[in-house]
Amino acid sequence: MLKMAIIGAGTWGESHASIYAEHPQAECVAICDKNRERADAFAAKHRLAHTYYDYREMLEKCDCDAVAIVTPDFLHTDMAIACAQAGKHILIEKPLATRREDVLAIVDAVEKHGVRAMVDLHNRWNPPFNLVKQMVASGEYGEAKTAYFRLNDALWVATDMLSWTAKSSILWFLGSHSLDTMSWIIGSLPEEVFAYKRTGKLASLGIDTVDAYQTAIRYRSGAIAQMENSWITPNGNSNVNDFKFDLVLDKGKFDIDASSHNLLQLTTENTFYTPDVLVKNSVFGRCNGFAFESIRSFVDKMASGEPFHVSLREAANVSLAILAIMESAESGKPVRTQLIEQ
Ligand SMILES: NC(=O)c1ccc[n+]([C@@H]2O[C@H](COP(=O)([O-])OP(=O)(O)OC[C@H]3O[C@@H](n4cnc5c(N)ncnc54)[C@H](O)[C@@H]3O)[C@@H](O)[C@H]2O)c1
């Protein structure tokens, strides 16, 4: 039985607790959140034996095998390093980290202390994307030539859902997923990026962060791609995400619409909505959707000893490439990525 502890009793901490409760090979033994009220409520709701308000105290006292780090994007580093030093395996929410020195320090700590670590880049478990990966990897359709990836959030994610939007970036929050999935499917690493950014909408609402990025990417394989990430889609969009992917290969073309698809639509007197059937829902009370599958897979792979479906170094390179995109958007010039060996 894998004894899990969670740091972060927020929106996504809930997803982690649900899947550990359901998985036959996992047990959640503790929650840690610096917000005492939230930590106490979370422990009561999920019937957890131990509650902590300081993760260092938790690492000293808690008898757990692995820790899920589910705190805001820019707070993963010290926690991940402390977990590695304490000999705990780690599931880290995406992005791994948001500064080059932090990315390298986590990789170093994990490798030095011999713990296992996975970053929750869960779009690899998204069924249409996973199927495209399998079909591309079969070689039947030849080499990937061009790709387009749009992954945008509705405005309310930036204004209402997250309390720390201004301290992060849509590139960290969603771009980590789109870049990871696209590179994984193409089967290559981004070599050079050139990005434009647009600001103004969120700033006018008092949230000081970039609205949108448009990024051109040249892969080592020669494939070229365009990636769009924003969090200013009007709230009336029929899905929280605006989520599209196209891929052209030598002998084939794939198109995915993962948001405003025709699979399920709800129309009422005042609204038109595309309910989520892929990301995170429940079927007869069981956790369903790719956002749960990645967390489930962490437990599976801890139990079996097999490698994770996302390696730490792959996730590190996602963060490092995003830093190059940000640098390009700042400088107005193409930037070569400085990636680490996979
Ligand atoms: N919200 C989503 O849809 C979603 C989806 C996938 C992944 N994620 C990722 O999960 C992570 C958490 O996101 P969230 O939406 O749950 O955020 P959140 O703000 O809802 O929750 C974060 C929690 O971390 C706690 N925290 C902050 N600093 C802490 C500290 N030093 N010690 C202990 N607890 C601390 C906060 O009090 C808060 O309860 C992020 O990296 C995010 O990118 C979020």
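Note: the structure precedes this text.
Residues numbered from 1 in each chain as written. Predicted model: local features only at pLDDT ≥ 70, side-chain atom pairs only at ≥ 80, totals over all residues. Heavy atoms only, no water.

A.B. asks: Outline the environment of alanine 166, supporting the account with residue identities and numerical values.
C.D. replies: In this structure, alanine 166 sits in the loop between helix H7 (155–161) and helix H8 (170–186). As for alanine 166 and glycine 114, which are separated by 52 residues in sequence, their C-alpha atoms are 35 Å apart. With residues near it in sequence (within four places) discarded, alanine 166 still touches Ile207, Asp208 and Thr209. (Helix = DSSP H or I, 4+ residues; strand = E, 2+ residues; numbered from the N terminus. Contact = heavy atoms within 4.5 Å.)

A.B. asks: Any details on the nonpolar core? Residues and values, ideally.
C.D. replies: Counting residues in hydrophobic clusters, the biggest one holds 117 residues, and the most contacted among them are Tyr20, Met182, Phe245, Leu247 and Phe298. Here this core gets 11 residues from one element, more than from any other, and that element is helix H11 (residues 312–331). (Core = buried A, V, L, I, M, F, W, Y, C linked by side-chain atoms within 4.5 Å. Buried < 20%, exposed > 50% of the residue type's maximum accessible area, 1.4 Å probe, protein only.)

A.B. asks: Give me the pairing of strand E11 (residues 241–249): which residues, what numbers.
C.D. replies: Across a regular strand the side chains alternate sides, sitting on one face of the sheet and then on the other. In this structure, strand E7 (residues 144–153) lies alongside E11, joined through nine bridges in antiparallel fashion. The partner of phenylalanine 149 across the bridge, within E11, is phenylalanine 245. Here E11 runs beside strand E12 (residues 252–257); their pairing, made up of six bridges, is antiparallel. Residue lysine 244 lies in a different strand from E12, and its bridge partner there is aspartate 257. Counting the residues in the hairpin turn of E11 and E12 gives two residues. (Pairing = 2+ DSSP bridges.)

A.B. asks: I'd like to hear about the sheet that holds E7, residue by residue, with values.
C.D. replies: Here seven strands make up an open sheet; going across it, the order is E12-E11-E7-E10-E9-E8-E17 and the pairing mixed. Only two strands of the sheet have a single partner each, and these edge strands are E12 and strand E17 (335–336). Set on the sheet, H11 makes contact with strand E8 (190–198), strand E9 (212–219), strand E10 (224–230) and E17; between it and E8 the angle comes to about 50°. (Axes fitted to C-alpha atoms, helices over the stretch in contact; angles between N-to-C directions.)

A.B. asks: Describe the sheet that holds strand E1 (residues 2–7), listing the residues and the values that go with them.
C.D. replies: Pairing in this open sheet of six strands is parallel, and the strands run E3-E2-E1-E4-E5-E6 from one edge to the other. Two strands bound the open sheet, and with one partner strand each, they are strand E3 (50–52) and strand E6 (117–120). Taken pair by pair, the neighbouring strands of this sheet meet at an average axis angle of 25°, ignoring direction. Both strand E4 (residues 66–69) and strand E5 (residues 89–93) contribute to a ladder of four bridges, which runs parallel. Across the sheet, valine 67 pairs through a bridge with isoleucine 90, a residue of E5. Helix H2 (residues 36–46) rests against E1, strand E2 (26–32) and E3 of the sheet, and its axis sits at about 165° to E3.

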